[in-house]
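Read off the chains here:
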Amino acid sequence: MSFQQCISCKEEISYSEKLASIFFGYRPITCKACGTVHEVDERYRFLFSLYTVMIPVILVYLLTAIFGIESRLAQVSMVLLFASISVFYAGKRINYHKSKVEPIKKRISKR
């Protein structure tokens, strides 16, 4: 089951927040309602890299061997196409867990 809501308060987490978290180095997602921090599970980092790198490269390698495509430009274009599709696929299935370390709340000093 994919991560769709906050573990603590059940507030919905949007798909765009998840993609932004993935694209910017698996940055933690903070719930806007309760402030709970969610981090990407380690095994999903591996699966995400597998989906976005290895599977498209292997798929393109097989397709170019079957159809006899020798153009490097076509091969690179196909890898980029399959990789971008797989990012959106894997982004829906990546899972988060509640962070063990909560962020330090900034003090607002009144002077």
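The shown structure was predicted, so the numbers you read here are calculated from the model rather than taken from an experiment. Residue positions are given per chain, counting from 1 as you read along its sequence in written order. Totals for whole chains, interfaces and linings use all residues, but because this is a predicted model, local features are given only for residues with pLDDT of at least 70 and pairs of side-chain atoms are given and counted only at 80 or more. Only hydrogens and water are set aside when side-chain values are computed; all heavy atoms of the structure are taken into account.

Visitor: So what exactly am I meant to see when it comes to the environment of Ile94 here?
Guide: Its location among the elements puts Ile94 in the loop between α3 (72-93) and β3 (96-98). Separated by 50 residues in the primary sequence, Ile94 and Tyr44 have C-alpha atoms spaced 5.7 Å apart. Each helix is a run of H or I in the DSSP string that is no shorter than four residues. Each strand is a run of E no shorter than two, and both are numbered from the N terminus.

Visitor: How should helix α2 (residues 42-67) be read in this particular structure?
Guide: Along an α-helix, residues three or four positions apart point the same way, because every turn accommodates 3.6 residues. Working rule for helices: expected span equals 1.5 Å times residues minus one. Spanning 26 residues, α2 covers 37 Å between terminal C-alpha atoms, matching the ideal 38 Å at 1.5 Å per step. Maximal helix bending in α2 amounts to about 40°, located at Leu50. Any residue under 20% of the maximum accessible area for its type is buried, any over 50% is exposed, and the rest in between are partly exposed; the area is computed with a 1.4 Å probe on protein chains only. Here α2 has its buried residues at Tyr44, Phe48, Thr52, Pro56, Val60 and Thr64. The contact criterion used is simple: two residues touch if any of their non-hydrogen atoms lie within 4.5 Å. Among the structural elements, α1 (15-23), β2 (37-40) and α3 are those in contact with the buried residues of α2. The bend reported for a residue corresponds to the angle between axes fitted to the seven residues ending at that residue and the seven starting there.

Visitor: In this structure, what is going on with unusual backbone geometry? I would like to understand it.
Guide: With glycine set apart, most residues show a phi of negative sign, and most peptide bonds adopt trans. Despite not being glycine, Lys10 has its phi angle at roughly 65°, a positive value. Relative to the helices and strands, Lys10 is located in the segment before α1. We note that Tyr26 has phi near 55°; this positive angle belongs to a residue other than glycine. Relative to the assigned elements, Tyr26 resides in the loop between α1 and β1 (29-30). Among the residues examined, Tyr26 registers a relative accessible area of 19% and is labelled buried.

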